[in-house]
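Listed below are the residues making up each chain.
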Amino acid sequence: MSRPWPLLAGSLALCIGLPLALAGAPFAAYIVTGAFLQLLFAAGMNLLSGYTGITPLSFAGITGISAYLCVGLVMRAGWSFWAAWPVATLVAAFVGVLLGLPALRLRGFYFVLSSLVVQTVLTLAFTAFASLTNGDTGISQIPPPSSPFVAGGTLGGTGLDLLIALVGWAGVVISWRLAGSGFGRRLVAVREDPELAETLGVDVVFCKLAAFFISSLYAAAGGPLMAVFVGFISPRSFDLLASLNIWLMVAFGGQGSIAGPLIGTLILAPLPSFLLGYYQVKDIIYGLLIITVTVAMPGGIHGWISNRMRPRLP
Amino acid sequence: MLDVRGIAVRYGNFIAVDGVDLHVGAGEVVGLIGPNGAGKSSLLRAVNGLLRPAAGSVDFNGARIDPLGPAARLRAGLASVPEGRGIFAGMSVAENLAMGGYPLGSRAQQAANIDHACTLFPILAERRHQRAGTLSGGQQQMLAIAMGLMSSPTMLMLDEPSLGLAPIVIGELARIFRRLKSEGLTILLVEQNAKLTCDVADRIYVMQSGRILMHDTPAVLLRNPLMAESFLSVG
C-alpha cells in the first residue's frame with residue numbers, strides 16, 4: 001500500500017469514535033470491546049500461524065499466564081495496573097518463547113500437537129495451583145486500573161473500552177508494518193521452505209524465535225486487559241478452546257494476510273454474544289467452521305476472494 | 001579458492017560421503033558428476049553449511065569456513081543454488097530476488113544485482129511481478145540461479161540445475177555458465193547430466209558411492225572407456 005495514511009487515520013478515528021458513540025449502550029460496547037481484544041489476539045496469532053507457518057495452540061495459555069500474573073501483582077502485591085501490565089506481558093512473552101522451542105525441531109502438525117499438550121498442561125496448572133489462581137472458581141472482582149488522568153479515580157467503562165480499542169488498533173497496525181518489512185518476508189520464506197531460506201542466508205532459528213516472541217507479546221499484552229475488562233478470570237478463559245477460537249478467526253478470515261484476521265474477527269468475535277443462551281450451539285458452529293475452513297477454504301475468506309479477483313491466466 | 005579435505009558425511013550408520021578431497025581454483029568451472037546417491041548433494045550441503053560433516057575441513061579463500069553457519073559462508077562469498085527449483089513459489093519474481101539479496105544489506109548493491117540478473121535473464125525482468133510458481137520450469141531455474149547471484153558471490157555452487165529441463169533450456173544454461181565464468185565467477189557444478197558438465201567445465205570430478213572415483217579434464221575423461229560407459233551413455 002503506497003498511501004496508507006488515509007486508511008490509518010480512518011481506522012484510528014473509528015477505534016476512538018466507536019467506544020465513545022457506544023458510551024450509552026453497555027451491551028453493544030461490551031461486544032465491540034471484546035472484538036477489539038480478539039483483534040489483538042488474532043493479529044498476534046496471524047504473525048506466527050499465518051506468516052511463519054507455526055500454529056501455536058498454546059496461545060491462550062500465554063494470555064492466561066500474563067493475566068494471572070498481572071492480577072496477582074495488583075491484588076496481592078498491591079502494584080499499580082500500569083506497572084503490572086508491562087511486567088506480566090514481558091514475563092509471559094519470554095515464557096512463550098521457551099514453550100515455542102519445540103518449533104525449532106518439530107514441523108507443521110507435530111508442533112501443533114506439542115503446543116496442544118503445552119496448552120493442556122497450562123490449563124491444568126491454572127487449576128492445580130489454586131493458592132495462586134483460586135483454581136476452578138477463578139478470580140472475580142478484579143479492580144479496574146487506576147485512572148492515568150484523575151488522581152484516585154479508576155479507568156472503567158468507556159475509558160477502558162477506548163484503551164482496549166487503541167491497543168487492538170496498534171496491534172493490527174504493527175503486525176501490518178512487520179508483515180510488509182524484510183523481516184516479514186523472511187518469516188514467509190521460513191514458512192515456505194526453511195531449507196532454501198537457510199541457503200539464502202536467513203537465520204531460521206532466530207526468525208522463528210523472534211516470531212514467537214512477538215506473537216507471545218500480543219497474547220500476553222491482551223491477558224491483563226481481558227482480566228480488567230471482564231473483571232473475572234478462570235482457567236476456562238484460557239483453555240484450548242480459547243486458543244482454537246483465535247486460530248479459527250485467523251484461519252476463517254484468511255491466514256497470512258492482514259485483512260484476513262480482521263474479517264474473521266469481525267464475523268466471529270460477536271457471535272458468542274448473540275448466542276448467549278445457546279452455549280453448545282456456539283461450540284457446534286465453531287466446530288463446523290473449523291472443518292469447513294480446513295477442508296474447503298484453506299485460504300479463508302480473504303484467500304477465496306483474492307483468488308476470484310486474480311485475473312485468470314489464458 | 002575452495003579446498004575440501006577429507007569430508008565425510010554420515011546419516012546414522014550410512015556413510016554418504018566418505019573422505020572426499022576437492023579443489024576449485026579461482027575463476028574455474030569445476031564439475032562434479034556421478035549417479036544418483038553418489039553423495040554429491042550431501043557433499044555440497046557440507047560445503048554450504050546446511051549439514052555438519054562428520055569429519056574433514058572446508059577452506060574458502062584460505063580461511064576455514066566449516067565451523068561457520070550458512071549465512072556466514074554466504075557473506076564470505078560462497079553461494080549455492082539448491083536442487084530442484086530453489087524458489088519461493090508463492091512470492092513474486094521480484095520478492096524472490098530480494099530474498100536472494102537479503103545478506104547484502106545495502107539497497108544500492110541490491111538494485112545493481114537485480115539489474116545484473118535482469119540482463120542475464122531478460123525474462124525475469126518481464127515477469128517481475130508474476131508469482132514465481134507460475135513460471136515455466138526453465139524460467140524457475142533461471143530465477144533460482146539469479147537468486148544465488150543476488151548476494152554478489154565470488155563462487156557459486158549449483159546442485160543439478162539441469163534436472164527436468166528440456167534440452168534447449170539446458171543449452172541455454174551452458175551459455176549462461178560460460179558467460180558467468182567470463183565475468184570472473186568461480187563455479188562448482190554438481191550434475192548428473194555429463195554432457196552439460198563436459199561442455200562447460202574446466203575439470204570434472206567423478207563421484208561414486210561417496211568417494212571420488214577419478215578427476216580430470218573433460219577431454220581426458222571422454223576418452224576413458226569406463227567413464228564413457230558409466231556416465232556418458234545416459235547424458
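All values derive from a computational prediction rather than experimental measurement. Throughout this document, residue positions are counted from 1 along each chain, in the order its sequence is written. The lettering of chains begins at A and the numbering of ligands begins at 1, in the order of writing. Only residues with pLDDT of at least 70 get local features here, since the model is predicted, and only at 80 or more are side-chain atom pairs given and counted; chain-wide, interface and lining totals rely on the full set of residues.

Peer 1: Explain the overall build of chain B here, please?
Peer 2: Segments assigned H or I by DSSP are reported as helices when at least four residues long, segments assigned E as strands when at least two residues long, and all are numbered from the N terminus. When helices and strands are tallied, chain B shows 10 helices and 10 strands. Here the radius of gyration uses the C-alpha set of atoms, whereas the globule reference equals 2.2 Å times the residue count to the power 0.38. For a compact globule of 235 residues, the expected C-alpha radius of gyration is about 18 Å, and chain B comes in at 17 Å, within 12% of that figure. Dimensions of chain B along its principal axes, counting C-alpha atoms only, are 45 × 40 × 35 Å. Sequence separation of 24 or more characterises 67% of the internal contacts of chain B that already satisfy a separation of 6 or more. For every residue pair, C-beta atoms are placed from the backbone, and the pair is scored as a contact if these atoms sit within 7 Å.

Peer 1: Please explain the domain arrangement of chain B as it appears in this structure.
Peer 2: One widely used convention gives an interface's size as the accessible area the parts lose upon coming together. All names here are of chain B. An automatic or database domain assignment supplies the residue ranges for each domain. Structurally, chain B comprises domain 1 (1-77 + 155-167 + 186-235) and domain 2 (80-152). Centre-to-centre separation of domain 1 and domain 2, based on C-alpha positions: 24 Å. Of the residues lining the interface, 16 residues belong to domain 1; the matching set on domain 2 comes to 13 residues. Secondary structure elements with two or more residues in the side of domain 1 that touches domain 2: α1 (40-48), α2 (70-75) and β7 (155-159). The element that contributes the greatest number of residues to the side of domain 1 that touches domain 2 is β7, accounting for four residues. Any residue outside Ala, Val, Leu, Ile, Met, Phe, Trp, Tyr, Cys, Pro, Asp, Glu, Lys and Arg is labelled polar, Gly included; the first ten of those are nonpolar and the last four are charged. The class makeup of the residues in the side of domain 1 that touches domain 2 is 10 nonpolar, three polar and three charged.

Peer 1: I keep staring at the interface of chain A and chain B and nothing clicks. Help me out?
Peer 2: At the junction of the two partners, chain A supplies 16 residues and chain B supplies 20 residues. At the level of secondary structure, the elements contributing two or more residues to the side of chain A that touches chain B comprise α8 (182-192) and α9 (194-199) of chain A. The element that contributes the greatest number of residues to the side of chain A that touches chain B is α8 of chain A, accounting for six residues. Along the lines of polarity and charge, the residues of the side of chain A that touches chain B split into six nonpolar, three polar and seven charged.

Peer 1: Even after reading the chapter, I still don't get the sheet that holds strand β6 (residues 78-81) of chain B, so can you show me in this structure?
Peer 2: What links the strands of a sheet is backbone hydrogen bonding, and the strands pair in either a parallel or an antiparallel sense. Residues and elements named next belong to chain B. Strands are treated as partners if at least two bridges between them are detected by DSSP. A sheet is described by the order of its strands in space; here six strands give the open sequence β6-β7-β8-β3-β9-β10, paired in mixed fashion. Since the sheet does not close on itself, it has two edges, and those belong to β6 and β10 (211-216), each with one partner. Between one strand and the next, the sheet's axes are offset by a mean angle of 20 degrees, whatever the strand orientation. Judged from the four bridges that link them, strand β3 (residues 29-33) and strand β9 (residues 203-208) form a sheet pairing that is parallel. Helix axes are fitted only over the stretch in contact, all axes being lines through C-alpha atoms; the angle between N-to-C directions runs from 0 to 180 degrees.

Peer 1: Sorry, what's going on with helix α7 (residues 157-180) of chain A here?
Peer 2: Because the α-helix completes a turn every 3.6 residues, residues three or four places apart line up on one side. Residue and element names in this part refer to chain A. If you check α7, its first and last C-alpha atoms are 35 Å apart, about what 24 residues at 1.5 Å a residue would give, namely 34 Å. Whether a residue is buried, exposed or partly exposed follows from its count of other C-beta atoms within 10 Å of its own C-beta, namely 20 or more, 12 or fewer, or something in between, respectively; the C-beta atoms are built from the backbone. Three or more residues of α7 are buried, namely Asp 161, Ile 164, Ala 165, Gly 168, Trp 169, Gly 171, Val 172, Ser 175, Trp 176 and Ala 179. Close packing links the buried residues of α7 with α1 (5-21), α2 (26-52), α8, α10 (204-230) and α12 (259-268). Helices are assigned an expected span. That span is 1.5 Å times one less than the residue count.

Peer 1: Just to check I follow, could you spell out the environment of Ala 227 of chain A for this structure?
Peer 2: Residues and elements named next belong to chain A. Secondary-structure assignment places Ala 227 in helix α10. The class for Ala 227 is buried, based on 27 C-beta atoms found within 10 Å. Put simply, Ala 227 and Leu 276 are 49 residues apart on the chain and 20 Å apart in space, counted from C-alpha to C-alpha. Residues in contact with Ala 227, not counting those within four places in the same chain, are Ala 67, Cys 70, Val 71, Ile 142 and Ile 233.

Peer 1: I would appreciate a short explanation of the sheet that holds strand β1 (residues 2-11) of chain B in the present structure.
Peer 2: All names here are of chain B. Across the sheet, four strands lie side by side as β2-β1-β4-β5; this open sheet has antiparallel pairing. Two strands in the sheet have a free side with no partner beyond their single neighbour: β2 (14-24) and β5 (63-64). By the bridge criterion, five bridges tie β1 to strand β4 (residues 55-60) in an arrangement that is antiparallel. The partner of Val 4 across the bridge, within β4, is Val 58. Contacting β1, β2 and β4, α1 runs over the sheet at an angle of about 115 degrees to β1.

Peer 1: What is the right way to read the confidence of the model for chain B from this model?
Peer 2: In low-pLDDT regions, the fine details of the predicted coordinates are not to be read closely. Note: pLDDT gives the predictor's confidence per residue, expressed from 0 to 100. Confidence along chain B averages 89 in pLDDT terms, with 97% of residues attaining 70 or more. Taken together, the chains of this predicted complex give a pTM of 0.89 and an interface ipTM of 0.89.

Peer 1: Got a minute to help me understand the pairing of β3 of chain B in this structure?
Peer 2: For a regular strand, side chains alternate in direction, first toward one face of the sheet and then toward the other. All names here are of chain B. With five of five residues buried, β3 lies mostly within the body of the structure. Side-chain alternation along β3 places Val 29, Gly 31 and Ile 33 on one buried face and Val 30 and Leu 32 on a second face that is also buried. Looking at chain direction, β3 and strand β8 (residues 186-191) are connected through five bridges and run parallel. Each bridged residue has a counterpart across the sheet, and for Val 30 the counterpart in β8 is Leu 188.

Peer 1: Honestly, the environment of Pro 4 of chain A in this entry has me stumped. Any pointers?
Peer 2: Checked against the element boundaries, Pro 4 of chain A lands in the segment before α1. For the pair Pro 4 of chain A and Ile 54 of chain A, spaced 50 residues apart in the sequence, the C-alpha separation amounts to 28 Å.

Peer 1: Explain α8 of chain A to me, please; I cannot follow it from the model alone.
Peer 2: The complete set of buried residues in α8 of chain A reads Arg 185, Arg 186, Leu 187, Val 188, Ala 189, Val 190 and Arg 191 of chain A. If you follow the buried residues of α8 of chain A, they end up packed against α2, α9 and α10 of chain A together with α3 (93-100) of chain B.

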